[in-house]
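Residue strings, one per chain:
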Amino acid sequence: MASDDRSAGSRERILAAAAAMLTEDLAARLSVRAVAARAGVSTGSLRFHFPTQRALQDAVLARIYEHLFPDDSIHDRSLPARDRLVNCLRQILAPAGVGRQAREAWSKAYQRFIAPEPTEEIRAAYLALERQGRHRVEYWLTVLTDEGALPREDHARRVRFLLTVLQGLSIERALPAEDSILKSETETLYMAVDCVLNAPTA
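Undergrad: Talk me through the overall build of the protein chain; I want residue IDs and the actual numbers.
TA: Of the regular secondary structure elements, the protein chain holds 10 helices and zero strands. Element order for the protein chain, N to C, with α for helix and β for strand: α-α-α-α-α-α-α-α-α-α. A burial count over the protein chain gives 41% of its 202 residues as buried. Taking as baseline every contact in the protein chain between residues at least 6 positions apart, the subset at least 24 positions apart corresponds to 64%. Accessible surface computed for the protein chain: about 11,400 Å², of which carbon and sulfur atoms make up 56%.

And the structure:
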């Protein structure tokens, strides 16, 4: 049983269980006991595959991002670099929905990350989400760098800027709007991408 509990199959069950929990509720707590119980493995097996909470969160979020946000569009050279990057950024916004769905998503995020005191567990959960978003945008910018669309340098400031724009747009989706959100959102995304692609090097 112990050797089976430490197999690649048990690792996949753990990732699938944790991903299902986060898909059902992005603000869900990925406690070792809850994930192990859902996966049908021991807590020792979970700790064998994922020694820390951060290792588990990072692996699960990477799996979800790979599934929900495939990178195909960043490699589609039939489109200009700016169009591909805008399409990729839309992938991050899409799950938030618009209107009531966006309000529900932000309400959950507020209850999970903003309303309570920022304990170490809350900080770790939020930073894991942020880290995966940052890695995803960094990857897209690296692809464009390899093509010559961006200078070869540290993209930290560009990533931070794009993530800040995405945060603002996702909040805007939850607020009352006079005009088409998707039209103004597209204009904003193109403006942000043009700033990133055309910014002079420091």
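Undergrad: Mind laying out the pattern of salt bridges, listing which residues take part and the relevant values?
TA: Evaluation of the coordinates by the stated rule reveals eight salt bridges. For the salt bridge of Asp194 with Arg82, the shortest nitrogen-to-oxygen distance reads 2.8 Å. Of this pair, Asp194 sits in helix α10 (residues 181-198) while Arg82 sits in helix α6 (residues 81-93), and the two are 112 residues apart along the sequence. With a relative accessible area of 24%, Asp194 lands in the partly exposed category. It is possible to trace a salt-bridge network through shared partners that takes in Arg77, Arg84 and Glu147.

Undergrad: Give me the lowdown on helix α7 (residues 100-114), citing residues and values where you can.
TA: If you check α7, its first and last C-alpha atoms are 20 Å apart, about what 15 residues at 1.5 Å a residue would give, namely 21 Å. Here α7 has its buried residues at Ala102, Arg112 and Phe113. Looking down the long axis of α7, one finds its buried residues gathered within 100 degrees of arc, a one-sided arrangement. Seen from the buried face of α7, the exposed residues on the opposite side, beyond 90 degrees, are Arg100 and Gln111. Buried positions along α7 lie against α8 (120-146) and α9 (156-174).

Undergrad: Describe the nonpolar core, and please don't skip the residues or the numbers.
TA: Counting 26 residues, the largest nonpolar core has Leu85, Leu89, Val137, Trp140, Leu141 and Leu162 as the members making the most contacts within it. Per-element accounting of this core gives the leading share, seven residues, to α6. In contact with Leu89, not counting residues within four places along its chain, are Val137, Trp140, Leu162, Leu166, Leu189 and Val193. Counting residues in hydrophobic clusters, the runner-up holds 18 residues, among them Ile14, Ala18, Val32 and Val35.

Undergrad: Could you give an account of the packing of aromatic side chains, with specific residues and numbers?
TA: Across all of its chains, the model carries one aromatic pair by this definition. Aromatic side chains Phe113 and Tyr126 sit 5.5 Å apart centroid to centroid with 65 degrees between the ring planes, which places their arrangement in the edge-to-face category. On the criterion of sequence distance, the pair formed by Phe113 in helix α7 and Tyr126 in helix α8 is long-range, its members being 13 residues apart.

Undergrad: Quick one: what's the story with the packing of α6 against α10, residue by residue and with numbers?
TA: One can describe the packing of α6 onto α10 by two numbers: an axis separation of 9 Å at closest approach and a directional angle of 125 degrees. Comparing the axis directions of α6 and α10 gives the class oblique. Seen along the crossing, α6 lies across α10 with a hand that is right-handed. When α6 is examined against α10, the residues Ala81, Arg82, Asp83, Leu85, Val86, Leu89, Arg90 and Leu93 are found in contact with a partner set consisting of Glu185, Thr186, Leu189, Tyr190, Val193, Asp194 and Leu197. For the contact of α6 with α10, the class distribution of residues is nine nonpolar, one polar and five charged.

The rules behind the values
- Residues numbered from 1 in each chain as written.
- Predicted model: local features only at pLDDT ≥ 70, side-chain atom pairs only at ≥ 80, totals over all residues.
- Heavy atoms only, no water.
- Helix = DSSP H or I, 4+ residues; strand = E, 2+ residues; numbered from the N terminus.
- Buried < 20%, exposed > 50% of the residue type's maximum accessible area, 1.4 Å probe, protein only.
- Contact = heavy atoms within 4.5 Å.
- Areas by Shrake-Rupley, 256 points an atom, 1.4 Å probe, with all protein chains shown as cover.
- Salt bridge = Lys/Arg side-chain N within 4 Å of Asp/Glu carboxyl O.
- Expected span 1.5 Å × (residues − 1).
- Arc of directions from axis to C-beta.
- Core = buried A, V, L, I, M, F, W, Y, C linked by side-chain atoms within 4.5 Å.
- Phe/Tyr/Trp six-rings, centres within 6.5 Å; stacked < 30°, edge-to-face > 60°.
- Axes fitted to C-alpha atoms, helices over the stretch in contact; angles between N-to-C directions.
- Parallel < 35°, antiparallel > 145°, perpendicular 65-115°, else oblique.
- Left-handed = near helix turned anticlockwise from the far one by under 90°.
- Nonpolar A, V, L, I, M, F, W, Y, C, P; charged D, E, K, R; others polar.

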